[in-house]
Amino acid sequence: MGKVAKDKWDKVIEYLTHSDRDLEKVLSLLKGCDQGNASNYDVNRASYSLNIIAIVTQKQLDPENKDKSLTHIIRQWVKSKDFIQFYNLMRKQENITWDKSKLEDYTKQLKDLWYSKSQSKNKEYFKKIDGFIRLGDGFNKTSKANFLEKDSNEEEQRPKTKIIEKTFDKIKKNERVIRKHP
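The rules we used
Residues numbered from 1 in each chain as written. Predicted model: local features only at pLDDT ≥ 70, side-chain atom pairs only at ≥ 80, totals over all residues. Heavy atoms only, no water. Phe/Tyr/Trp six-rings, centres within 6.5 Å; stacked < 30°, edge-to-face > 60°. Helix = DSSP H or I, 4+ residues; strand = E, 2+ residues; numbered from the N terminus. Buried < 20%, exposed > 50% of the residue type's maximum accessible area, 1.4 Å probe, protein only. Core = buried A, V, L, I, M, F, W, Y, C linked by side-chain atoms within 4.5 Å. Contact = heavy atoms within 4.5 Å.

Colleague: Explain the packing of aromatic side chains here, please?
Modeller: How two aromatic rings sit relative to each other is given by the distance of their centres and the angle of their planes. One pass over the structure, following the stated rule, counts nine aromatic pairs. With 6.2 Å between their ring centres and 50° between their planes, F83 and F86 make a pair best called tilted. With a gap of three residues between them, F83 and F86 both fall in helix α5 (residues 81-90), about one helical turn apart. Comparing F83 with F86, the two get one shared label, buried.

Colleague: Explanation requested: the nonpolar core in the structure shown.
Modeller: In a soluble, globular protein the nonpolar side chains are often hidden away together inside. The biggest cluster of nonpolar side chains holds 24 residues, and the ones touching the most others in it are I52, V78, F83 and L110. Of all the elements in the fold, those that place two or more residues in this core are α3 (40-61), α4 (70-79), α5 and α6 (103-115). The greatest single-element share of this core, amounting to six residues, is contributed by α3. Filtering out sequence-adjacent residues up to four positions away, V78 remains in contact with F83, I84, W98, L103, Y106, T107 and L110.

Okay, here's the thing in structure tokens:
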């Protein structure tokens, strides 16, 4: 039994010992994958594509962008202050900041994400709800504020705040917790 268990890990050990891997980075990666230990990086990475799909959906549904191409909509957003703040916040832990010279790269990355097969369900979901996240009962118990407004055309309710604002709040809250408990 001991021989079988050892053989099971031989490929992994050989790969790690014979490749140009940084031991500390690999160890951090493995520890970060432990269930229940979500770092800000994990939260950012998991929410990044959802935020992109939601915001692009919102922008496509905006009457001001009615006859504009997806490329144009994305490029205008990538130039905006909102995107710069979003990008810098999401990439903060990687020490990467928005760079004007990479405008076309950002546009291409977002278009590739939009057309990715893995995002088809997210696109359908956000298109149904106009790019906004629906809150269960319409009441945020932590802030004790009602974020919902009645849509005049439909009987549905939807949040006033955009998905990205909620993500910012969650990330900032996580950063405060990490600073308190090193």
